Amino acid sequence: MLLEPAEVDRLRTALVQANFTSSGIAKRLGPDATAAAGRHDYRLALRATDSGDPLDTLIRVFVCGQSEPEQRLAEALYPLSVHVARAAGLIIGDQAGVDLEPYGDWWVLADLPAQPGRQLPADHVLGVGGASTTLAGATIRKPVGTALDLGTGCGVQALHLSQQADSVTATDVSPRALSFAATTAALNGVQWELLHGDLLEPVRGRRFDLVVSNPPFVVGPGFATHTYRDSGRAGDGVCAELAAAAPTLLTEGGTLQFLANWVHIDGEDWEDRVAGWFAGSGLDVWAIQRETQDPLDYVRLWLADASEKHDPHRAAQWLDWFSEHRITAVGFGLITARNSGATDPTVVCEDLRQQVEPPLGLRVAEWFERRDWLRDNDLLQARYRLAEGLQLRQEATMGEEGWAVDRQLLAMPNGLRWVEDIDPLILALVSGCTGTLPLRDQLSLLAAAHEVPAEDLEKGLLPVIDHLVERGILVPCGP
């Protein structure tokens, strides 16, 4: 840890006394200054914190990155001495030496974020960021016995796991990250098993009910300059490695969720690539692609991420590697794999680009529940109703005889907010889903109305029903 246990207790006392919490800061600053500070514009925050009391001082130092006089630092950190804070690196001179961030009901300690002109060191430890909050929001929040945070960094995911798991194990290849994670855990009064080692090595042979990971997934030739982003594996190898380990890492019913990058190779489907990582695993998988970037933008993003100086040779080397391997883009998304024990596991890889109703973790859990239902039930025997709020949207063109409908779509305003193209036959079927008739009877009526054999209609529409149930557009409401 950065501090001895007694000193951690003193730091916690200082933070609580000053009300240096998310809610305390928001109340002191007000909505406008809070919103501006979130965009790294601290002008309003500095104007709102000139009283010199401990909360103002802590905000100015740890939120706004300002220098403060010795006496104010001493009063704000009491009963932790400024001398001890400096010795631990919490304070450097009269400024913050670490990122001490109130995060929900917790505090998180990490290295100071990147600043223009200051390149991050190789062992930099990230604080709360976009990727960590994305994974936290996407994690299924159900009680579990054992949980594992692979590549914990400063401990953000482990904090969340502490609320749902009886025991939490966290690993990292970086001793510096584990030091920050240990301090974060102690400051928040939680206990984790912290293990040092590369990826799965520290827990080899062990199984967990829930595994989460924000791995160093950056795609490249395999060079490693920063431990928080570079695994040392070429391409998307680190994500493929996690996927391959899932069957031996999960308990029966256990779930693995991780953020991933994967390559798009010219002439190949990314869905086939990711699905191939789980071939023969026996796991149910849902891989969702949230965005893609072309190689040039991708390289620029990650070189700028660490505030690295412009290095045209390295950028060219990276881009040449993409070209040599026919990589046209890199996808970013979330992979969830579950050890359901099914003899016919489901593997679905698809784009999910739209904004979804948060939290995403609840939507992921609902998706797996729907897949379980589809596996265990006879579609023809079930009755269905429409998802709440489901909308029918029509696109039409004005012609000589008036408006002609060109396209019809079913749109979900809630949940995953899917929009599905449908034809008149599917619309007629869906419109009859009032929860009163079994699907077999609905199809019989529809077949009679269109003068086609019921068996042919069943064969053609059952895959559509399966798809609409998986999407959550049709909701089973009993046999």
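These numbers come from a predicted model, not from an experiment.

Student: Explanation requested: helix α1 (residues 5-18) in the structure shown.
Tutor: In an α-helix, one turn spans 3.6 residues; hence positions three or four apart end up facing the same way. Compared with an ideal rise of 1.5 Å per residue, which puts 14 residues at 20 Å, α1 spans 20 Å between its outermost C-alpha atoms and is within 8% of the ideal. Of the positions making up α1, those classed as buried are E7, V8, L11, A14, L15 and A18. Projected down its long axis, α1 carries its buried residues within an arc of 120 degrees, all on one side. Trailing α1 by a residue or two, N19 shows a phi angle of about 60 degrees, which is positive.

Student: Explain the pattern of salt bridges to me, please; I cannot follow it from the model alone.
Tutor: Between side chains of opposite charge, a pair can form when the charged atoms approach closely. Using the criterion set out here, one finds 30 salt bridges in the structure. The closest approach of N and O atoms between R353 and D351, which form a salt bridge, is 2.8 Å. Its relative accessible area of 44% is what places R353 among the partly exposed residues. Under the relative-accessibility criterion, D351 is labelled partly exposed at 32%.

Student: How do you make sense of the sheet that holds strand β15 (residues 402-411) when you look at a structure like this?
Tutor: As a general point, the strands of a sheet are linked pairwise by backbone hydrogen bonds and lie either parallel or antiparallel. In space, the 3 strands of this open sheet follow the order β14-β15-β16, with antiparallel pairing throughout. Here the strands that pair on one side only, and so sit at the sheet edges, are β14 (391-399) and β16 (419-422). Put simply, the sheet's adjacent strands are angled 35 degrees from each other on average, direction ignored. With 9 bridges connecting them, β14 and β15 associate as antiparallel partners.

Student: So what exactly am I meant to see when it comes to the packing of helix α15 (residues 424-431) against helix α17 (residues 454-471) here?
Tutor: A pair of packed helices can be characterised by two numbers: the angle between their axes and the separation between those axes. Two numbers describe how α15 lies on α17: the axes approach to 12 Å, and their chain directions differ by 65 degrees. With respect to their mutual orientation, α15 and α17 come out roughly perpendicular. Every pair of crossing elements has a handedness; the one defined by α15 and α17 is right-handed. For the pair α15 and α17, contact is made by L425, I426, L429 and V430 and by L457, L461, V464, I465 and L468, respectively. Grouping the amino acids of the contact of α15 with α17 by side-chain chemistry returns 9 nonpolar, no polar and no charged.

Basis of the calculations
- Every chain's residues receive numbers from 1 upward, in the order its sequence appears when written.
- Where totals are concerned, whole chains, interfaces and linings use all residues; where local detail is concerned, this predicted model gives features only for residues with pLDDT of at least 70, and gives and counts side-chain atom pairs only at 80 or more.
- With hydrogens and water excluded, all non-hydrogen atoms of the structure serve as input to the side-chain values.
- Numbering of helices and strands runs from the N terminus, with a helix taken as a DSSP run of H or I at least four residues long and a strand as a DSSP run of E at least two residues long.
- In this analysis, the expected span of each helix is defined as 1.5 Å times one less than the number of residues it contains.
- With a 1.4 Å probe rolled over the protein chains alone, any residue whose accessible area is under 20% of its type maximum counts as buried; one over 50% counts as exposed, and the rest are partly exposed.
- The directions considered for the arc are those from the helix axis to the C-beta atoms.
- We count a salt bridge whenever a side-chain nitrogen from Lys or Arg sits within 4 Å of a carboxyl oxygen from Asp or Glu.
- Only strands joined by at least two bridges in the DSSP assignment are considered to pair.
- Axes here refer to lines fitted to C-alpha atoms; in helices the fit is confined to the stretch in contact. Angles between the N-to-C directions go from 0 to 180 degrees.
- Put simply, angles under 35 degrees are roughly parallel, angles over 145 are roughly antiparallel, angles from 65 to 115 are roughly perpendicular, and the rest are oblique.
- Left-handed describes a crossing whose near helix is turned anticlockwise from the far helix by less than a right angle; the clockwise case is right-handed.
- When checking whether two residues touch, look at their non-hydrogen atoms; a contact exists if any pair is within 4.5 Å.
- Think of it as three bins: nonpolar holds Ala, Val, Leu, Ile, Met, Phe, Trp, Tyr, Cys and Pro, charged holds Asp, Glu, Lys and Arg, and polar takes everything else, Gly as well.

Any functional reading would require information that these geometric values do not contain.
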